[in-house]
Number of protein chains: 4
Amino acid sequence: MAELVDLKDLDDETARKILRAATGKARELNTRMNVALVGVDGNLKAFFRMEGAWTGSVDISIRKAKTARYFNMPTGELGKLSQPGGPLYQIEHSNGGLITFPGGLPLTTRDGDIVGAIGVSGDTVENDHAVAQAGLQYFQEN
Amino acid sequence: MAELVDLKDLDDETARKILRAATGKARELNTRMNVALVGVDGNLKAFFRMEGAWTGSVDISIRKAKTARYFNMPTGELGKLSQPGGPLYQIEHSNGGLITFPGGLPLTTRDGDIVGAIGVSGDTVENDHAVAQAGLQYFQEN
Amino acid sequence: MAELVDLKDLDDETARKILRAATGKARELNTRMNVALVGVDGNLKAFFRMEGAWTGSVDISIRKAKTARYFNMPTGELGKLSQPGGPLYQIEHSNGGLITFPGGLPLTTRDGDIVGAIGVSGDTVENDHAVAQAGLQYFQEN
Amino acid sequence: MAELVDLKDLDDETARKILRAATGKARELNTRMNVALVGVDGNLKAFFRMEGAWTGSVDISIRKAKTARYFNMPTGELGKLSQPGGPLYQIEHSNGGLITFPGGLPLTTRDGDIVGAIGVSGDTVENDHAVAQAGLQYFQEN
């Protein structure tokens, strides 16, 4: 029998709670966000657009989550590599469009397993990142 | 000043509760669904993919919700009109791809205002429709 | 010197008046339409979405106008040829998506020159066609 | 019943007059423009391509209007943030393609409600912006 690969994926309850932690952080920062979660396979798992959030950020939050999972790194790290003259210049053209500025983070267990990603968009990239970080932190501490 | 048009849109709390009503119905039917909500503007408002739900249905549920809002009618009604020989044959090629089988319903208030739509995909179209209907019913009764 | 090809294109004033004739007909029919005009080159020339018109019909009206100009025939005529078993089955997959049910008409001068097309969407195909016809009739009589 | 969110949208008469104000400004500047309006939902509301205007600007004017509404800011502001090394570098890959140079403006009432956006393309970005500004100014003064 083949040695199949074990994967771990986000469960429903965890997904809901990460979303809640992230939108809670957004309210604490007095901002309105689009928050997207993808599972281990990179497909959308859960999404919420808060009242008054930019509608252009629906797509961006989902792309940030996918980008973070596609390459298993924070979107902002990828963005450092995709600048003019950089090693991954114009990588954004792949996969139907990537977003490579901050706000997307892999969801990594304390054991180092990546089980999905979170993408946040709706304000400055600092706030986007802070809200994504709040989602990740909730995940790792619970 | 101009005579602007008044619209009403889904608020956060209502969106969350409709999603919960729909996923609750799915559990009651012992099935696993993708549930999408769009606001009055047709943009994604909230989304949830239950554990084990088909990943191909992520896109279908979102398209069902958009289709229902684009034409202010249940997706299944549109599907009756788009059959070979029917008046709207091949309408699915518009708007980047429509889904015209059951599972998408406009969210209409008791006063007749359309404020968004729900799209459900993951099982038979009967079950998809039943879950969408549960979301709509919750909305209208609360 | 080459024998270059003479084309005739819609001028601004004519485009505006065709749009007005079409939306006037829509009001007379007590319906709300999306009306699109393309010029001789098939590119969008003018567009109007009436209050309350289906937003899914924005795209459909534009595709109807383009389809009518791409093949210099009413969209409904093309639709007869694209049915299952017909000679142009699935032609809708070309050109990024065609619409082949009624509501798109070439704008043909009384001399037989095609200078553009009109596409209408927002109600039954009978009403869509009637509104497109009103635009064409205005064009030919003025 | 749910606490729905109130929105205001462009009405037909206002849309027509904004379009007229913008094309009037274009004639005053002796230039030819594509002018697009989107409603509060980001969908196309009205469009006009003046005689002799660039056909490549049809798409650009529509994308400018959508971009301005998606992020509730002038497209040129977004463009300052999307330069190499900037916080939103390559944001143009989202939403099926954004345009982030000047010529797109949100349509904001004197009360601060955003009800849509205008996008203009066909000449220098200075002229594009001036024509969009004329449309916005008409809206706010009438």
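Refer to the structure presented above.
All of the points below concern the structure found in this document. Only a predicted model underlies this, so the values are computations on that prediction, with no experimental measurement involved. The residue count restarts for each chain, going from 1 along the sequence in the order it is written. Throughout, the order in which chains and ligands are written sets their labels, letters from A for the former and numbers from 1 for the latter. In keeping with the predicted nature of the model, local features appear solely for residues at pLDDT of at least 70, side-chain atom pairs appear and are counted solely at 80 or more, and the whole-chain, interface and lining totals rest on all residues. Only heavy atoms go into the side-chain values, all of them from the structure, while hydrogens and water stay out.

### Observations concerning the relation of the copies chain D and chain A
Our working rule: The copies were overlaid by least squares, fitting only the C-alpha atoms of residues that reach a pLDDT of 70 or more in each copy.
The two copies are related by a screw operation: chain D maps onto chain A through 91° of rotation and 0.0 Å of translation along the axis, at an RMSD of 0.1 Å. Classification of the inter-copy transformation places it as that of a four-fold axis. Closest approach to the rotation axis among the C-alpha atoms of chain D is made by P84(D), whose C-alpha sits 4.8 Å away.

### Here we look at the interface of chain B and chain D
Put simply, the rule reads: Contact criterion: two residues are considered in contact whenever any of their non-hydrogen atoms come within 4.5 Å of each other. Accessible-area loss on putting two parts together, using a 1.4 Å probe and summing over both, is the definition of buried area adopted here. Counted as salt bridges are all cases of a side-chain nitrogen of Lys or Arg within 4 Å of a carboxyl oxygen of Asp or Glu. Pairing of N or O atoms within 3.5 Å defines a polar contact, subject to two protein rules: one partner must be a possible hydrogen donor and the other a possible acceptor, and residues neighboring in sequence count only if both atoms are side-chain atoms. Helical segments are the DSSP runs of H or I of at least four residues, strand segments are the runs of E of at least two, and each set is numbered from the N terminus. As a working rule, the residues Ala, Val, Leu, Ile, Met, Phe, Trp, Tyr, Cys and Pro are called nonpolar, Asp, Glu, Lys and Arg charged, and the rest polar, with Gly in that last group. The criterion for strand pairing is that DSSP finds at least two bridges linking the strands in question.
Residue-level contacts link 21 residues of chain B with 21 residues of chain D. Between chain B and chain D the total buried area reaches about 1,800 Å² when both faces are included, carbon and sulfur atoms providing 61% of it. Taken together, the connections running from chain B to chain D amount to 2 salt bridges. The closest approach of N and O atoms between D6(D) and K8(B), which form a salt bridge, is 2.8 Å. For the pair chain B and chain D, the number of links is 5 residue pairs in polar contact (both at pLDDT 80 or more). Looking at the side of chain B that touches chain D, the elements that each hand over two or more residues are β1 (5-9) and α4 (125-141) of chain B. Among the residues making up the side of chain B that touches chain D, the classes are represented as 9 nonpolar, 5 polar and 7 charged. Summarising the sheet, β1(B) and strand β1 (residues 5-9) of chain D pair through 5 bridges and their orientation is antiparallel.

### Brief notes about the sheet that holds strand β4 (residues 104-108) of chain B
Spelled out, the test is: Helix axes are fitted to C-alpha atoms over the stretch in contact, other axes to C-alpha atoms as well, and angles between N-to-C directions run from 0 to 180 degrees.
Spatial strand order, β3(A)-β4(A)-β1(A)-β2(A)-β3(B)-β2(B)-β5(B)-β4(B): 8 strands in an open sheet with antiparallel pairing. Since the sheet does not close on itself, it has two edges, and those belong to β3 (104-108) of chain A together with β4 of chain B, each with one partner. This sheet shows a mean twist of 20° between the axes of neighbouring strands, independent of strand direction. Relative to strand β5 (residues 114-121) of chain B, β4(B) is paired through 5 bridges, and the arrangement is antiparallel. Across the sheet, the residue bridging to L107(B) is G116(B), located in β5(B). Sheet strands in contact with helix α2 (residues 56-71) of chain A are β1 (34-39), β2 (44-49), β3 and β4 (114-121) of chain A together with β3 (44-49) of chain B, and its direction is about 150° off that of β4(A).

### Details of the side chain of S61(A)
All names here are of chain A. Quick reminder of the rule: Whether a residue is buried, partly exposed or exposed follows from its accessible area with a 1.4 Å probe, protein chains only, as a fraction of its type maximum: under 20%, in between, or over 50%, in that order.
Structurally, S61 is set in helix α2. What makes S61 buried here is its relative accessible area of 0%. Polar side-chain contacts of S61 include one of 2.9 Å to the backbone oxygen of V58. What S61 contacts, discounting residues up to four positions off in sequence, is N34, V35, A36, F47, G119, V120 and S121.

### A look at the environment of G56(A)
Here G56(A) lies in helix α2. For G56(A), a relative accessible area of 0% translates into the label buried. Residues G56(A) and G122(A), spaced 66 residues apart in sequence, show a C-alpha to C-alpha distance of 8.4 Å. The residues touching G56(A), leaving out its near neighbours within four places in the chain, are Y70(D), F71(D) and N95(D).

### Considering helix α2 (residues 56-71) of chain C
Residues and elements named next belong to chain C. The criterion, for reference: Every helix has an expected span of 1.5 Å times one less than the residues it contains.
When the terminal C-alpha atoms of α2 are compared, their 23 Å separation across 16 residues agrees well with the 22 Å that a helix rising 1.5 Å per residue should span. Among the 16 residues that make up α2, 13 are buried, leaving the element largely enclosed by the rest of the structure. The first or second residue beyond α2 is N72, which carries a positive phi of 50°.

### Topic: the side chain of T55(C)
Structurally, T55(C) can be placed in the loop between β2 (44-49) and α2. A relative accessible area of 10% means that T55(C) is categorised as buried. Those residues in contact with T55(C) that lie beyond four places of it in its chain are R69(B), Y70(B), N95(B), R49(C), D41(D) and N43(D).

### A few points about the relation of the copies chain B and chain D
The operation relating chain B to chain D is a screw motion whose rotation component is 180°, with 0.0 Å of axial translation and a residual RMSD of 0.0 Å. As the rotation angle and translation indicate, the two copies are arranged about a two-fold axis. Minimal C-alpha separation from the rotation axis in chain B is found for D41(B), amounting to 2.2 Å. Interface residue correspondence from chain B to chain D reaches 100%, placing this contact among same-surface, isologous pairings.

Functional significance is not addressed by these values, which are geometric in nature.
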